[in-house]
Amino acid sequence: MNSAMKQDHLTVLSEFLHKRENIDPARVTPEASLEELRVDSLLLLELLFEFEDRLGVKMPQDIPRPKTVGDLLGIVDKVTAGNGV
Amino acid sequence: MASARRVAVTGLGLVSPFGGDLADFFGRMLRGESAIRLYTREDDVLRPLSVPAVRCANFDADAALGRSLSYTMDRYSQLGTTAALSAWRDAGLPRTKDAPRNDWGVSWGTALGGTLTFESGYIEMLRNGRERVPPLSVVLGMSNAAASHISIQLGLGASSATYSVACASSAVAIGEALPKIRSGEATLMVVGGSEAPLSYGVVRAWEAMRILALGDEASAVRACRPFSSDRQGLVLGEGAGAMVLEDWDHAVRRGARIYAEFAGCGSTSDHDHLVRPNVDGQTRAMRMAIQDGGMTPDEVDYINAHGTATREGDPIEIAAIRGVFGSRSAAVAVSATKSMHGHMLGATGVVEAIITVLSLASQEAPPTAYLDDLDRECTGVRHITGGSLRGSLRAALSNSFAFGGSNTVLAFRAPH
């Protein structure tokens, strides 16, 4: 996974959070806590759906609940690289 | 039977098809102004819709609720929550999370709930071949969504129930709150209903029953003509309304403005036919509401009729009214305001109740619009036509008679 693709996933995430919750994209960094970005269980579902839609992948049914932006991107990276989680 | 605890109506709110506020809406009702317009909707594949309807075209959910909240709602919930927040403000209640409100609840009505969400989901899957629908689909589509959002936004901890009784849904929701306050189970209930039924499938389904009034750009405004000889059928609409019902003493103690007393309710079933209404079932419901309200038929000065303008339904309702009021029928003022706001299915009961309450509060009742040629099968009551009726209005009924034969009549008394 090269850094250009990682940036791509981060962009998908920050664009979605901006559109949906008006979150400033500057706050969406890998260290940021999802809870602080107001990502509750429903919004997380929407995010996973958005990634599936935009990247043409299928997120597995049982994934560990990510706590940070970095956790979430890690899951997406693994799925798009074709590895299991 | 009436109990010792009286119930006050202390707040009113609705989403107006005219785009203005409650006072603007009622003013137009009094002047006989119709919100019905030709609704056209294009479609790529199927024959486009073109039907007289009532829409809240100016409603901006993002502005009313904020985008992050409106996004989690089907339009039926957006309309409903907006109406409820408006009624809450109107009641002079603060938005605070401090005071526990575990004996304040919600009683809501809707016929079709999140039907627009279902339709867009089906289109995505069946027409566009998508395997999955957005993950919020369940919470958008579920029929209790509006009531839940209202409880959450207002911090209400008592029962939050949703009633689905077709055209009588919100009337039932209002009626079911009455015993809760009378018994002391609840001190305050936010009641009402909302409906956003103008999906492609729903409109076509109603068209198939051949009871929708047809029209074009010019004639749409007067398409719904209850009690007229040439009435052509009903007009569908979307909308939402809410009322704050409150223990009378509680309302007085906090200095609330009391619009009217919610005196009684009568609910019956025709047990007869899926669509054809029944004189006996309606008569019993009106009698029951009057008796439950601790009043006599002689005190009822105004009836907001169900009056959908179907060929079959209108004369049956008039016959039922005449059955209840007998020789006094010609003195009982009646109007069918669906002639102006259309039939909003689950939301109609509350909007008509709001009109009835405001009529008592202002001592002025709206007409049936476009009633120029009264059907001789609908004579015998005092039809309000042309302009409004000003006069002494002591008590009033609001009728809701649903498909399937469920009848609910609400009885209100002018405040004193």
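Conventions and cut-offs
- Residues numbered from 1 in each chain as written.
- Chains lettered and ligands numbered in written order.
- Predicted model: local features only at pLDDT ≥ 70, side-chain atom pairs only at ≥ 80, totals over all residues.
- Heavy atoms only, no water.
- Buried < 20%, exposed > 50% of the residue type's maximum accessible area, 1.4 Å probe, protein only.
- Helix = DSSP H or I, 4+ residues; strand = E, 2+ residues; numbered from the N terminus.
- Pairing = 2+ DSSP bridges.
- Polar contact = N/O pair within 3.5 Å; in protein donor to acceptor, adjacent residues only side chain to side chain.
- Expected span 1.5 Å × (residues − 1).
- Contact = heavy atoms within 4.5 Å.
- pLDDT = per-residue confidence, 0-100.
- Phe/Tyr/Trp six-rings, centres within 6.5 Å; stacked < 30°, edge-to-face > 60°.
- Lys NZ or Arg CZ within 6 Å of the ring centre and 35° of its normal.
- Salt bridge = Lys/Arg side-chain N within 4 Å of Asp/Glu carboxyl O.
- Axes fitted to C-alpha atoms, helices over the stretch in contact; angles between N-to-C directions.
- Parallel < 35°, antiparallel > 145°, perpendicular 65-115°, else oblique.
- Nonpolar A, V, L, I, M, F, W, Y, C, P; charged D, E, K, R; others polar.

A look at the pairing of strand β9 (residues 260–269) of chain B
Residues and elements named next belong to chain B. Of all 10 residues in β9, 8 are buried; the element is thus mostly enclosed. Two strands pair when backbone bridges link them, and strand β1 (residues 7–15) and β9 are joined in this way by 2 bridges, in the antiparallel orientation. By the bridge assignment for β9, V9 is matched with A260. By the bridge criterion, 8 bridges tie β9 to strand β16 (residues 406–413) in an arrangement that is antiparallel.

A closer look at the side chain of B:T310
Residues and elements named next belong to chain B. Mapped onto the elements, T310 comes out in the loop between β10 (300–304) and α12 (313–325). Classification of T310 as buried rests on a relative accessible area of 12%. Of note is the side chain of T310, whose polar atom sits 3.4 Å from the side chain of T308.

Focus on unusual backbone geometry
Working note: non-glycine residues mostly have negative phi, and peptide bonds are mostly trans. Unlike most non-glycine residues, A:N22 shows phi in positive territory, near 60°. When its relative accessible area of 61% is taken as the criterion, A:N22 is described as exposed. Of note, the phi angle at B:H271 is positive, near 40°, even though the residue is not glycine. On the secondary structure map, B:H271 appears in the loop between β9 and α11 (279–292).

A word on α12(B)
At 3.6 residues per turn, the α-helix brings residues three or four places apart onto the same side. All names here are of chain B. The end-to-end C-alpha distance of α12, which contains 13 residues, comes to 19 Å, matching closely the 18 Å that a straight helix rising 1.5 Å per residue would cover. The buried fraction of α12 amounts to 10 of the 13 residues, a majority that puts the element mostly inside the structure. By the burial criterion, the buried members of α12 are G313, D314, P315, I316, E317, I318, A320, I321, V324 and F325. Those residues of α12 that are buried lie in contact with α11, β10, β11 (333–335), β13 (382–383) and β15 (395–401). Two residues or fewer after α12 comes G326, characterised by a positive phi angle close to 55°.

Digging into the confidence of the model for chain A
Chain-level statistics for chain A give a pLDDT mean of 87 and a share of 88% at 70 or above. For chain A, the element scoring lowest by mean pLDDT is helix α1 (residues 3–21) of chain A, at 84; helix α3 (residues 69–80) of chain A scores highest, at 92.

A word on the packing of aromatic side chains
Tallied over the full model, the rule gives 4 aromatic pairs over all chains. A cation sits over an aromatic face here: B:R6 above B:W248, 3.9 Å from the ring centre.

With respect to the pattern of salt bridges
For the structure shown, the criterion picks out 31 salt bridges over all chains. The salt bridge involving B:D90 is made with B:R257; its shortest N-O contact spans 3.4 Å. Separated by 167 residues along the polypeptide, B:D90 in helix α4 (residues 75–90) and B:R257 in the loop between α10 (248–253) and β9 bring together distant segments of the chain. Under the relative-accessibility criterion, B:D90 is labelled partly exposed at 23%. On the basis of relative accessible area, B:R257 is assigned to the partly exposed category, the value being 41%. Here B:E207 makes a salt bridge to B:R204, at a shortest N to O gap of 2.6 Å. Of this pair, B:E207 and B:R204 are both found in helix α9 (residues 200–208), 3 residues apart, which corresponds to roughly one turn of the helix. B:R204 sits in the buried class, given a relative accessible area of 16%. When salt bridges that share partners are traced, they join A:R20, A:E21, A:R38 and A:E46 into one network.

Structural notes on the packing of helix α1 (residues 22–30) of chain B against helix α14 (residues 348–362) of chain B
Residues and elements named next belong to chain B. Packing of α1 against α14 brings their axes to within 11 Å, and their N-to-C directions diverge by 80°. On the basis of their axis angle, the class for α1 and α14 is roughly perpendicular. Listed contacts from α14 to L22, F25, F26 and M29 of α1 are V351, I354, I355, L358, S359 and S362. By residue class, the composition of the contact of α1 with α14 is 8 nonpolar, 2 polar and no charged.

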